[in-house]
Amino acid sequence: MKIADLHAETERLLVLASMATTGPWTWIIQDASTATLGRADDWISDGFVMDSSPCESCCKGKESWKFGRCTTPSSENANFIAAAPDMAAHIKRLDARVCELEQLHGASLPG
Ligand SMILES: [Zn+2]
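Residues numbered from 1 in each chain as written. Predicted model: local features only at pLDDT ≥ 70, side-chain atom pairs only at ≥ 80, totals over all residues.

### Describing helix α4 (residues 84–105)
Helical periodicity: at 3.6 residues per turn, an α-helix aligns residues three or four positions apart in one direction. Over its 22 residues, α4 runs 31 Å from end to end, which matches the ideal 32 Å to within 8%, given 1.5 Å per residue. Just beyond α4, the residue with positive phi is G106, at close to 50°. (Helix = DSSP H or I, 4+ residues; strand = E, 2+ residues; numbered from the N terminus. Expected span 1.5 Å × (residues − 1).)

So, in structure tokens, the structure goes:
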């Protein structure tokens, strides 16, 4: 992939990130039936991202929340989703570093 294409893809992803709820995101366990993804300081309004819940029958008799049950994400996927704002920030830093290297090395960089 050419560097210009990398910058274009970076820009596309950062536009998506800029339109989403600002981070950091964390899962807030409400009860046995609901976990909410959002900013810990404001998950009810501006910081809300999404709720996740298993079906009603899976909730019955369960006393604590469990990732990976029914339609809830696995804990690995839940952690990965919650890391989206961190990843966007990291992509931005990587792209800035690539720009620095381009200026230092100019035409000697491939692509
Ligand atoms: Zn279920």
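Back to the text.
### Considerations on the domain arrangement of the chain
Entries for the chain in the domain assignment read domain 1 (1–23 + 83–111) and domain 2 (26–72). Centre-to-centre separation of domain 1 and domain 2, based on C-alpha positions: 32 Å. (Domains from an automatic or database assignment.)

### With respect to the nonpolar core
Membership of the largest hydrophobic core is limited to five residues, which are W25, W27, A35, L37 and W65. Not counting the four nearest positions on each side in its chain, W25 is found in contact with L37, G38, R39, V49, A82, A84 and P85. (Core = buried A, V, L, I, M, F, W, Y, C linked by C-beta atoms within 7 Å. Buried ≥ 20, exposed ≤ 12 C-beta atoms within 10 Å, placed from the backbone. Contact = placed C-beta atoms within 7 Å.)

### Considerations on the environment of W65
As for its position among the elements, W65 is in the loop between α2 (56–59) and α3 (75–82). Assessed through the 20 C-beta atoms surrounding it within 10 Å, W65 is described here as buried. Considered as a pair, W65 and L104 are 39 residues apart in the sequence and their alpha carbons are 51 Å apart. Discounting residues that sit within four places of it in the chain, W65 has contacts with I29, D31, A32 and A35.

### Thoughts on the pairing of strand β2 (residues 34–38)
Where strand β1 (residues 26–31) and β2 come together, five bridges link them in antiparallel fashion. Opposite T26, over in β2, you have G38 as the bridge partner. Here β1 folds back onto β2, and the loop between the two strands holds two residues. Pairing of β2 with strand β3 (residues 48–52), which is carried by four bridges, proceeds in the antiparallel orientation. Residue pairing for β3: A35 is matched across the bridge by S52. (Pairing = 2+ DSSP bridges.)

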